[in-house]
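Per-entry structural report
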Amino acid sequence: MSDAAIVAAGLTRTFGKLIAVDSVDLTIPKGKIYGFLGPNGSGKTTTIRMLCGLLKPSAGSARVFGMELPRDAEKVRPRIGYMTQKFSLYEDLTVRENLEFMGRIYSMRRRRRRQRIESNLARYALDDRQRQRAGTLSGGQKQRLALAAVTLHEPELLLLDEPTSAVDPQSRRDFWDGLFELAEGGTTILVSTHFMDEAERCHRLAILAEGRLVAEGVPRELSSNIDAVVLEVETDRPRRARAALRSVGFVRAVTQIGARLHVMVETGTDDPEAQVRAVLKSGGVAGIVERVSANLEDVFVAATGFDGDVALPAADGSAGADESGAGSDEVHP
Amino acid sequence: MSSLLRMGAIIGKEIRQLSRDRLTFGMIIGIPLLQILLFGYAINLDVRHLRAGVADQATTQLSRQLIADVEASQVVDIVARARTAGELEDMMRRGEITVGIVIPADFERRVREATRPAAQLLVDGSDPTVANIAMRLAQMRFELRKVGVERPSTVFEVRTYYNPERRSAVQIVPALIGVILTLTMVLFTSVAVVRERERGNLELLITTPIRNLELMIGKIIPYIVIGLIQVTIILLVGWYLFDVPVRGSVVDLYQGSLLFIAASLSLGLMLSTFAKTQFQAMQLAFLAFLPQLLLSGFMFPFDGMPPLAQRIGRLLPLTHFIAIVRGVVLRGAALEELMPNVRALGIFFLITMTLATLRFRKRLD
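Because the structure is a prediction, the values reported are computed rather than measured. In every chain, residue numbers begin from 1 and rise along the written sequence. To read the labels, note that chains go from A and ligands from 1, taken in the order they are written. The predicted origin of the model limits local features to residues at a pLDDT of at least 70 and limits the giving and counting of side-chain atom pairs to 80 or more, whereas totals for whole chains, interfaces and linings rest on all residues. Where side-chain values are given, they derive from all heavy atoms of the structure, hydrogens and water being excluded.

A closer look at empty space enclosed by the protein
All names here are of chain B. Cavity and pocket criteria rest on a 1 Å grid covering protein atoms alone: a 1.4 Å probe that fits but cannot get out defines a cavity, protein on both sides within 12 Å along at least 5 of 7 lines defines an open pocket, and an atom within 4 Å of a point defines a lining residue. Grid points are joined across faces, edges and corners, and a volume is the space filled by probe spheres set on the points. Taken as a whole and judged by the stated rule, the model has one cavity of 30 Å³ or more. In this structure, the largest cavity occupies an estimated 30 Å³ of space. Considering the residues around the largest cavity, the lining is formed by Leu 205, Ile 206, Ile 210, Arg 211, Asn 212, Leu 215, Phe 360 and Lys 362. A per-class count over the lining of the largest cavity returns five nonpolar, one polar and two charged. Classes in brief: Ala, Val, Leu, Ile, Met, Phe, Trp, Tyr, Cys and Pro nonpolar; Asp, Glu, Lys and Arg charged; the others, Gly included, polar.

Some remarks on the domain arrangement of chain A
All names here are of chain A. In this document the domain limits rely on a domain assignment from an automatic tool or a database. The domain architecture assigned to chain A consists of domain 1 (4–217) and domain 2 (224–320). Computed from C-alpha coordinates alone, the two centres of domain 1 and domain 2 are separated by 35 Å. The contact criterion used throughout is that any non-hydrogen atoms of two residues lie within 4.5 Å. Tallying the contact residues gives 14 residues for domain 1 and eleven residues for domain 2. A combined buried area of about 990 Å² lies between domain 1 and domain 2, and 79% of that area is made up of carbon and sulfur atoms. We define a salt bridge as a contact between a side-chain nitrogen of Lys or Arg and a carboxyl oxygen of Asp or Glu at a distance within 4 Å. Our enumeration of links across domain 1 and domain 2 arrives at zero salt bridges. Here a polar contact is taken to be a pair of N or O atoms separated by no more than 3.5 Å, where protein atoms must pair a possible hydrogen donor with a possible acceptor and residues adjacent in sequence count only if both atoms sit in side chains. In this structure, the connection of domain 1 to domain 2 is made through zero residue pairs in polar contact (both at pLDDT 80 or more). By definition, any uninterrupted DSSP run of H or I lasting at least four residues is a helix, any uninterrupted run of E lasting at least two residues is a strand, and each is numbered from the N terminus. Examining the composition of the side of domain 1 that touches domain 2, we find that four residues originate from one element, strand E9 (residues 204–209), more than from any other. Of the residues assigned to the side of domain 1 that touches domain 2, the class counts are ten nonpolar, one polar and three charged. Joining two parts hides part of their accessible area as seen by a 1.4 Å probe, and the buried area is that hidden amount summed over both.

Some remarks on the sheet that holds strand E4 (residues 119–124) of chain B
All names here are of chain B. Between any two strands, at least two bridges found by DSSP are needed for them to pair. The five strands lie next to each other as E2-E1-E3-E4-E5, forming an open sheet whose pairing is mixed. Bordering the open sheet on either side are strand E2 (76–82) and strand E5 (156–161), each of which pairs with just one other strand. Going from strand to strand, the sheet's axes swing by 25 degrees on average, the running direction of each strand aside. The pairing of E4 with E5 spans six bridges and is classified as parallel. Structural elements are reduced to axes, namely lines fitted to C-alpha atoms, with helices fitted over the stretch in contact, and the angle between N-to-C directions of any two is expressed from 0 to 180 degrees.

Here we look at the side chain of Ser 272 of chain B
All names here are of chain B. Locating Ser 272 in the fold gives a position in helix H10 (residues 250–272). Side-chain polar atoms of Ser 272 contact the backbone oxygen of Leu 269, separated by 2.8 Å. Excluding its chain neighbours within four sequence positions, the residues that come into contact with Ser 272 are Thr 189, Ser 190, Val 193 and Val 194.

Considerations on helix H5 (residues 139–150) of chain A
Residue and element names in this part refer to chain A. For a helix, the expected span equals 1.5 Å multiplied by the residue count minus one. With twelve residues, H5 extends 17 Å between its outermost C-alpha atoms, agreeing within 8% with the 16 Å of an ideal straight helix rising 1.5 Å per residue. Think of it in three bands: residues with accessible area under 20% of the maximum for their type are buried, residues over 50% are exposed, and the middle band is partly exposed, with areas taken using a 1.4 Å probe on protein chains only. Of all the twelve residues making up H5, ten are buried; the element is thus mostly covered by neighbouring parts of the structure. For H5, the full list of buried residues reads Gly 140, Gln 141, Lys 142, Gln 143, Leu 145, Ala 146, Leu 147, Ala 148, Ala 149 and Val 150. Along its buried surface, H5 packs onto strand E6 (80–83), helix H3 (95–105), helix H4 (110–123), strand E7 (157–160) and helix H6 (169–184).

A look at the sheet that holds strand E8 (residues 188–193) of chain A
Residues and elements named next belong to chain A. As summarised here, the arrangement of the six strands in space is E6-E7-E8-E3-E9-E10, forming an open sheet in which the pairing is mixed. On the outer flanks of this sheet lie E6 and strand E10 (212–217), each paired with one strand and no other. Between one strand and the next, the sheet's axes are offset by a mean angle of 15 degrees, whatever the strand orientation. Here four bridges tie E7 to E8, and the two strands are oriented parallel to one another. Along E8, the bridge assignment pairs Leu 157 with Thr 188. Sheet strands in contact with helix H1 (residues 44–51) are strand E3 (33–37), E6, E7, E8 and E9, and its direction is about 155 degrees off that of E8. Most of the contacts of H5 go to E6, to which it runs at about 165 degrees, and overall it touches E6 and E7.

So, helix H10 (residues 272–282) of chain A
Residue and element names in this part refer to chain A. Buried within H10 are the following residues: Pro 272, Glu 273, Val 276, Val 279 and Leu 280. What you see down the axis of H10 is that its buried residues fit within an arc of 125 degrees, all on one side. Relative to its buried face, H10 has exposed residues pointing more than 90 degrees away, namely Lys 281 and Ser 282. The elements touched by buried residues of H10 are strand E11 (229–235), helix H9 (238–246), strand E13 (260–265) and strand E14 (287–292). Where H10 ends, the next residue or the one after it, Gly 284, has phi of about 75 degrees, a positive value. Working note: the arc is built from the helix axis to C-beta atom directions.

Comments concerning the interface of chain A and chain B
Between chain A and chain B, the contact holds 23 residues from the first and 17 residues from the second. When chain A packs against chain B, close to 1,800 Å² is buried across both sides, 56% of that on carbon and sulfur atoms. For the interface between chain A and chain B, the tally reads two salt bridges. Between Arg 199 of chain B and Asp 92 of chain A there is a salt bridge; the shortest N-O distance is 3.3 Å. Linking chain A with chain B are eight residue pairs in polar contact (both at pLDDT 80 or more), by the criterion used here. With three residues, the top contributor of residues to the side of chain A that touches chain B is H3 of chain A. In the side of chain A that touches chain B, the residues fall into 13 nonpolar, three polar and seven charged.

With respect to the packing of helix H7 (residues 168–199) of chain B against helix H9 (residues 212–242) of chain B
Packed helices, taken two at a time, are described by their axes: the angle between them and the distance between them. All names here are of chain B. Contact geometry for H7 and H9: axes closest at 10 Å, N-to-C directions at 160 degrees. If you check the angle between H7 and H9, you find them roughly antiparallel. In this structure, H7 crosses over H9, and the sense of that crossing is right-handed. Grouping the amino acids of the contact of H7 with H9 by side-chain chemistry returns 16 nonpolar, five polar and three charged. Working rule for angles: under 35 degrees goes down as roughly parallel, over 145 as roughly antiparallel, 65 to 115 as roughly perpendicular, anything else as oblique. Each helix crossing is assigned a hand: it is left-handed if the near helix lies turned anticlockwise from the far helix by less than a right angle, otherwise right-handed if that turn is clockwise.

A short note on the domain arrangement of chain B
Residue and element names in this part refer to chain B. Split into domains, chain B comes out as domain 1 (50–161) and domain 2 (168–359). For domain 1 versus domain 2, the separation of C-alpha centres amounts to 37 Å. Listed by partner, the interface residues are 15 residues for domain 1 and eleven residues for domain 2. Between domain 1 and domain 2, the buried area comes to about 1,200 Å², and carbon and sulfur atoms account for 49% of it. Where domain 1 meets domain 2, there are three salt bridges. In this structure, Glu 337 and Arg 93 form a salt bridge, with 2.8 Å as the shortest nitrogen-oxygen distance. Our count for the domain 1 to domain 2 interface comes out at seven residue pairs in polar contact (both at pLDDT 80 or more). Contributions of two or more residues to the side of domain 1 that touches domain 2 are made by strand E1 (50–56), helix H4 (85–93) and helix H6 (128–139). Broken down by element, the side of domain 1 that touches domain 2 gets its largest block of residues, four residues, from H6. Class assignment of the residues belonging to the side of domain 1 that touches domain 2 gives a composition of five nonpolar, five polar and five charged.

Focus on the layout of surface pockets
Estimated volume of the largest pocket: approximately 620 Å³. What lines the largest pocket is a set of 28 residues, among which Arg 51, Gly 95, Phe 302, Ala 323 and Asn 341 of chain B lie closest to the centre. Secondary structure elements with two or more residues in the lining of the largest pocket: helix H12 (307–314), helix H13 (317–330) and helix H14 (339–359) of chain B. Per-element accounting of the lining of the largest pocket gives the leading share, five residues, to H13 of chain B. Of the residues that constitute the lining of the largest pocket, the class distribution is eight nonpolar, ten polar and ten charged. Residue assignment for the lining of the second largest pocket shows that the elements contributing at least two residues are H3 of chain A together with H7, helix H8 (201–205) and H9 of chain B. A total of six residues in the lining of the second largest pocket trace back to one element, the largest contributor, which is H9 of chain B. Here the residues of the lining of the second largest pocket sort into nine nonpolar, two polar and six charged.

Shown next as structure tokens:
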């Protein structure tokens, strides 16, 4: 267990009647980038807040570096860095003043503080912004400043809550380069996201839906171990094809990707290609059907029942199981 | 028609938002209720029961009769006895009495000589209303006839201490230091924590190793400096424009102010742990300001208030600061002579600071 940075068992948090996080078990290895993938409201933020001692679990336990939270929160705090979803540094202080402030809060002595500030200013390309007020920075610059601030004291564990949600694609790529560099240096990183491409870059991934952990593993293995057959349908009438397919029992979910559809079919189905063709034909739609290997989005859809039509998780609760034993749970948004 | 519809939309939204902010909603009822009660209790233009001390050097039947008559008027309560006028002056400087009655040894003879004042009324001029009320006492005719004395003129000669010209600036300016500090200090800190919460800074701050007490002390120290600057401004303007003297030690005055500033700041901090938004924090600060303004003795003489109002007043820091500041600035009292007030401020600071620190959680739930 000594190589685990975080161990959580049965971690649960309720707000009144709402179960925000529902008995989550987690083991997050040291020195890796661990992703939380899930839609809004799936419990990512609440879980992260429990893992840095900001919220008290309603049930279950969370240990960081072997220390119990929230009891030992104060002992854990100097060793972790938490980057909030919303920019939480001082907008009326300059870039340098913010870093200086964080350095002092973490009791860094003058010499080390100066050294670390210089190195982070350079590393996150903020040299020429030092004297600029943080409030006037762009989304990408703010996020770089937040990362510079949270890594200033060289924490062993970084908790990043949707760090790239307000950032352009180029900044996202740069940001991830930065994360890999940190991980290489031995920092454990827990990052939540709702971007598939980001989830794909994590060493390990947990998929959360409605507060529950529905799938966990290495992203590539998650894709290859998916318990469903994925077919791709190319058609010029995707909406109609989709409507037809969704009314069939063995189809679990249908996701539209431009002019193509990803159709997820129960594993036990005989000759799924033929069956899908038949459904399309009877629906009066022409299309080319082809078996493809699952991508992470398919894993996500299979695990959460989130079928890509509207950005809402399924309401009927059938999404919970990550082994899809249950028969005809075609998911409606 | 569509104008009505749009206005209606705004009206409906305002009412909904208001009814969801429970603190604000409470204020709608609470503020008028509190204010009417406070005013009702505190305003008492027919002020009675001023604390008085007597130095009866005659100790004759006639002098005892005078004292009895004075007490019967209910304008003063005799709370202390002294031998000399000097002793009464000391008591007055310490704020123990606001009126002193000196009956000289030759009282009997003086009473019969209509041209000479028979006794002396020493009045604390540092409180504006006390001076007026004591004047009433001076004009009162006493029933000395019963003992066979007819006297056309008044019995008392009035000596107003500390502000003999009875200028209102002299009476108001020192106490104004307290009122201004109460308003600004409580407001500054009550908003200080909530602002960080509203802007999202707090979520970051509480995951760092900073401790509650460090955060609280760090928050109040800059404002202490600001408070002392405000004290200086008021004193300088009061002295330069309004000729308000500082009779006591300036060091004592600043020490007293420091204590009061700390008490007000920690009160603000404590309030800010109850508020969720800056708007709520400001309302709470206002709520804390009202009773202090009315019950502290700034607007109405403390002695004239009913016992319940006095009891509440004694819990408020401004009451004790006004006692200190009038004592030091106008009566030239030393801080050691005002220890009960100093102690009260110290206790108030410790309690509110402890509550603020305990109530502040480094958690979000």
